[in-house]
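# Secondary and tertiary structure notes
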Amino acid sequence: MSAVVDIPEELQARWQQLDCGFPRVATVFPECMQEALHTLSAQGVEDYVENARFLGKMGRGAEPILIFLEEWPAVAKLLGEEALSDVMGAVQRMTRSPNGKAIAPFLQSLPTAARRLHSPQAFREYLSLVLDLMEQTTGSVHGIHQTFPSPGLPELLKQLPVLLGQLSLGGLKNWIAYGVRYYSDHPERQEEYFGLRSADSKAVLQRERHGTLLVDNERKLNLYLRGLWQDDDQLVPYSETFDAMKKPMPYFDALGIRLPDAYDDLLSPLPQAGEGQGVRVSTGDAGEKQQRVSGLDRYRAALAHMAAHRRWSKPVVADNLSPFQRMAAECFEDIRVEQLAMLEYPGLRRIFSALHPVPVEDACDPDKQSAVRHRLAMVSRAMLEPECRYRNPDICGMAQTLLGLLAERESSTQEMTDLAVTFIARTRRQADSSPDVYFDNTEVSYRDDNRHMWMFIEEGDEEEAFDKPEQPPEEQRSGLPPRHYPEWDYQAQSYRPDWVSVYESLHPSGNAADIDRLLQKHAALAKRLKKILDLLKPQDKVRIRYQEEGSELDLDVAIRSLIDYKAGCQPDPRINMSHRTDGRNIAVMLLLDLSESLNEKVEGSGQTILELSQEAVSLLGWAVEKLGDPLAIAGFHSNTRHDVRYLHIKGFSEGWGDEVKARLAAMEAGYSTRMGAAMRHAAHYLEKQQADKKLMLVLTDGEPADIDSRDGRILIDDARQAVKELDRQGIYSYCINLDPKADEYVQDIFGKQYTIVDNVAQLPIKLPELFISLTK
């Protein structure tokens, strides 16, 4: 039976369908379902719940279902809902093998794989690699039944962010194949290899790490495409390794612009006219001079070519054209859009010339080989050079015709098609139909496959063109989805991506009068603090002159403007001035640890640590309000990495009013302290504040810990890494620790940026005073 949980009424049916008895799942289910309802289709939501139910019933604990509920909506948004069948097929294969323990890390790897691979085809190839590795490294007794789990599979899945960050999909395939080939019979060495701990693992990784990866340069290329071509379509990588026979080419369609996932630098012969034009020159084996074109420039050339097609090409009917005529039409249209692009951006000529092959005129025997591709390549090359290098009058004549035509106007795709038909008819040879096709120096690597050029008159085209289904209205979002943060693994010296799920919400409200009573209780302290605060308030006013609108008239400027007006000159309209306070410009984030230990009573006092914290925070909030500094207050606690709760108590734009006091009065303590994720999320808000100094105060009573972390160093080192990240963001973090034994760990996290309050009963006095000393 399902556990009794507090699930919203509108989600009760889905919760019953899930039929899950894990309390940890119940706490995150409403937020996960809200994100799924917003992201997925109706059928997608049905499949989401059904497959989550399967994961919860397969006997592997709560971890697989928690990961799936949290991660799948974001993965589906990147890859499409159709990818779910492939994912669950892989999970079922793992379930039927001894590799059940790899299911959780496999599911955890999905967001990273989806972000790096983008396309469903590349994602399926990734799944194929994972399953092939599992099959080849799972052990068996006498080769009959699989008995021992794959030692390398969990290690591979843990290192996937590092591997996909440095390798193309083809490089990853080669790296995995090396490990399987040499270590399939050595479990310990296999673990070291796939865990990137052995020397040869790192050496093979370095060997396969060649070329320029699309994912590493995607932002640059998007800016290039948007800035020069006013085109912001999505870039989608594909791998050339898995289709070596087909040799896929770049192309674009309704789903985005498809490019290889990696481009190597390219060496090409340097024409005499190219010397001294800013290209990188080297000498080849035969002594000829060569130019090096970077992988990034190859991406730019491919994008420029396709962007030119998207701007100037229009589809034409292909039904009545022969294959040779279509090939020629595609070549001439490529020539046309490149010429137009080079007129707009002349610098493209250098890259196009460097990447375009140079066909040798006499290399092909037109009486024995099919030379259509060869002739078209020569025409294309002649268009990039000042003078035609070829003797064939048909080649040079067509190049001159195209140049003259494009010098007058943009021309059109249909006109290029008509010229192509004429050229094929005029140059046709008997051997053109030979199966022996001449390919050398005829393939232009940066050009696309021109599928966008053609339309076919076939039955059903009209219905497809006009009967378009209506898009369903977007559902209203009623809750915030979880935010995923990485966590530092000190053993691997790398981040675990998307490891922690943070759920944020507004803190429930209580009775604001309770906070007013606490302030009245400390009236004497508040009076003493007020004297200090009056000294800290910025006193010096700075006059801002030459304002068209201001608080008062700037008499000197006004008189000068009047004189100019009387003299017939243009008067200066900036005759007003205003004032601003020159002094404090500080934004403060107070992050409160609301873990279970705050319910403990303080020795020698009848109050709990939580009650004393309420008093201290109330005085601090009152003090900061008097100073006028932007202040935000938030609390946090955690129940495993899947459920870190971040509770907003006061926002930066809120005043110190009854609503904030009511939330502060309702503070409750529970669960554990996953500090690093809470600090990263708090920094997400603090870094957006326009302030000269940004201060994060962390009030806690113990070391970072959680029930799913057996190694105490993991969360301590993660918190230390979070402090370093905040420092790089320009945020000064400071810890106020109420644990008498904090000396053992707090310096490891915060360095010298901490204070230990041994007498917790003095916290209401210490906290405001500490804030004042830090912000002087």
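Residues numbered from 1 in each chain as written. Predicted model: local features only at pLDDT ≥ 70, side-chain atom pairs only at ≥ 80, totals over all residues. Heavy atoms only, no water.

Here we take up the pairing of strand E13 (residues 483–489). Where E13 and strand E14 (residues 494–506) come together, 6 bridges link them in antiparallel fashion. Its bridge partner lying in E14, Tyr-485 is registered against Val-500. Hairpin connection, E13 to E14: the antiparallel pair is bridged by 4 residues, and Gln-493 has positive phi, about 55°. (Pairing = 2+ DSSP bridges. Helix = DSSP H or I, 4+ residues; strand = E, 2+ residues; numbered from the N terminus.)

With that settled, the discussion passes to the nonpolar core. Formed by 74 residues in total, the largest nonpolar core has its most connected members in Tyr-48, Trp-72, Phe-106, Tyr-126, Leu-172 and Trp-175. Apart from the residues within four sequence positions on either side, Tyr-126 is in contact with Ser-109, Ala-113, Leu-117, Leu-157, Leu-160 and Leu-169. (Core = buried A, V, L, I, M, F, W, Y, C linked by side-chain atoms within 4.5 Å. Buried < 20%, exposed > 50% of the residue type's maximum accessible area, 1.4 Å probe, protein only. Contact = heavy atoms within 4.5 Å.)

Next up on the list: a nonpolar patch on the surface. On the surface, a cluster of nonpolar side chains totalling about 390 Å² of accessible area is made up of Leu-553, Leu-555, Ile-559 and Ile-563. Considering each element in turn, the nonpolar patch owes the most residues, 3 residues, to helix H22 (residues 555–566). Secondary-structure assignment places Leu-555 in helix H22. (Patch = residues over 30% accessible without salt bridge, like charges linked within 9 Å, V, L, I, M, F, W, Y side chains within 5 Å. Areas by Shrake-Rupley, 256 points an atom, 1.4 Å probe, with all protein chains shown as cover. Salt bridge = Lys/Arg side-chain N within 4 Å of Asp/Glu carboxyl O.)

Looking now at the environment of Leu-266. Tracing the backbone through its elements, the reader meets Leu-266 in strand E8 (residues 266–269). Considering only alpha carbons, one finds Leu-266 and Gly-347, 81 residues apart in sequence, at a separation of 18 Å. Beyond its immediate sequence surroundings of up to four residues, Leu-266 is in contact with Gln-291, Arg-292, Val-293, Arg-298 and Leu-355.

What follows deals with the packing of helix H4 (residues 63–79) against helix H5 (residues 83–95). The contact between H4 and H5 brings their axes to 10 Å, and the two run at 135°. In terms of orientation, H4 lies oblique with respect to H5. Where H4 abuts H5, its residues Phe-68, Trp-72 and Leu-79 lie against Ala-83, Leu-84, Val-87 and Met-88. In the contact of H4 with H5, the residues fall into 7 nonpolar, no polar and no charged. (Axes fitted to C-alpha atoms, helices over the stretch in contact; angles between N-to-C directions. Parallel < 35°, antiparallel > 145°, perpendicular 65-115°, else oblique. Nonpolar A, V, L, I, M, F, W, Y, C, P; charged D, E, K, R; others polar.)

The element strand E22 (residues 731–737) is largely enclosed, with a buried count of 6 among its 7 residues. Alignment of strand E21 (residues 693–700) against E22, held across 7 bridges, turns out to be parallel. Residue Leu-697 lies in a different strand from E22, and its bridge partner there is Tyr-734. For the segment spanning E21, helix H26 (residues 712–728) and E22, crossover handedness is right-handed. Where E22 lies against strand E23 (residues 754–756), 3 bridges are found, and the strand directions are parallel. Within E23, the position partnered with Ile-736 by the bridge is Thr-755. (Right-handed = clockwise from strand over helix to strand, strands pointing away.)

Before going further, it helps to examine helix H6 (residues 103–117). Between the first and last C-alpha of H6 there are 20 Å, a value that for 15 residues agrees with the 21 Å anticipated at 1.5 Å per step. Where H6 bends most, the angle comes to about 35°, and this point is Leu-110, followed within four residues by the proline Pro-111. Most of H6 is tucked away, with 13 of its 15 residues classed as buried. One or two residues past the end of H6 sits His-118, with phi positive at roughly 65°. (Expected span 1.5 Å × (residues − 1). Bend = angle between axes of the 7 residues up to and from the residue.)

Together, Glu-703, Asp-743, Glu-744 and Asp-758 make up a region of like negative charge exposed at the surface. Considering the arrangement of structural elements, one finds Glu-703 in the loop between E21 and H26. (Lys, Arg positive; Asp, Glu negative; His and termini not counted. Charge placed at Lys NZ, Arg CZ, Asp CG, Glu CD.)

Quick look at empty space enclosed by the protein now. As enumerated under the stated definition, the model contains 3 cavities of 30 Å³ or more in all. Space inside the largest cavity adds up to approximately 110 Å³. Around the largest cavity, the lining residues are Arg-116, Leu-117, Ala-122, Leu-164, Leu-167, Ser-168, Leu-169, Leu-213, Leu-214, Val-215, Pro-237 and Asp-261. Split into classes, the residues belonging to the lining of the largest cavity amount to 9 nonpolar, 1 polar and 2 charged. Taken as a whole, the second largest cavity holds about 40 Å³ of empty space. Lining the second largest cavity, in full, are Leu-592, Asp-593, Leu-598, Ile-609, Ser-613, Leu-699, Thr-700, Asp-701 and Leu-738. (1 Å grid on protein atoms, 1.4 Å probe; cavity = no way out; pocket = protein on both sides within 12 Å on 5 of 7 lines; lining within 4 Å. Points joined across faces, edges and corners; volume = space filled by probe spheres on them.)

This brings us to the sheet that holds strand E5 (residues 251–253). Taken in spatial order, the 3 strands of this open sheet run E4-E6-E5, and their pairing is mixed. The sheet terminates laterally at strand E4 (235–238) and E5, the two strands that pair on one side only. Ignoring strand direction, the axes of neighbouring strands in this sheet form an average angle of 30°. Docked against the sheet, helix H13 (residues 295–312) engages E4, E5 and strand E6 (256–260), running at close to 150° with respect to E6.

The next thing to look at is H22. Helix length check: H22 (12 residues) gives 16 Å between terminal C-alpha atoms against 16 Å at 1.5 Å per residue, within 8%. The complete set of buried residues in H22 reads Val-557, Ala-558 and Ser-561. Down the axis of H22, the smallest arc covering the buried residues is 100°, so these residues share one side. Opposite the buried face of H22, by more than 90 degrees, sit the exposed residues Leu-555, Asp-556, Ile-563 and Lys-566. Positive phi shows up at Gly-568, right after H22, with a value of about 85°. (Arc of directions from axis to C-beta.)

It is worth spelling out unusual backbone geometry at this point. In this model, Asp-19 sits at a positive phi of 50°, which is unusual for a non-glycine residue. Tracing the sequence through the fold places Asp-19 in the loop between helix H1 (12–18) and helix H2 (23–39). The backbone of Asp-498 shows a phi angle near 50°, a positive value even though the residue is not glycine. Mapped onto the elements, Asp-498 comes out in strand E14.

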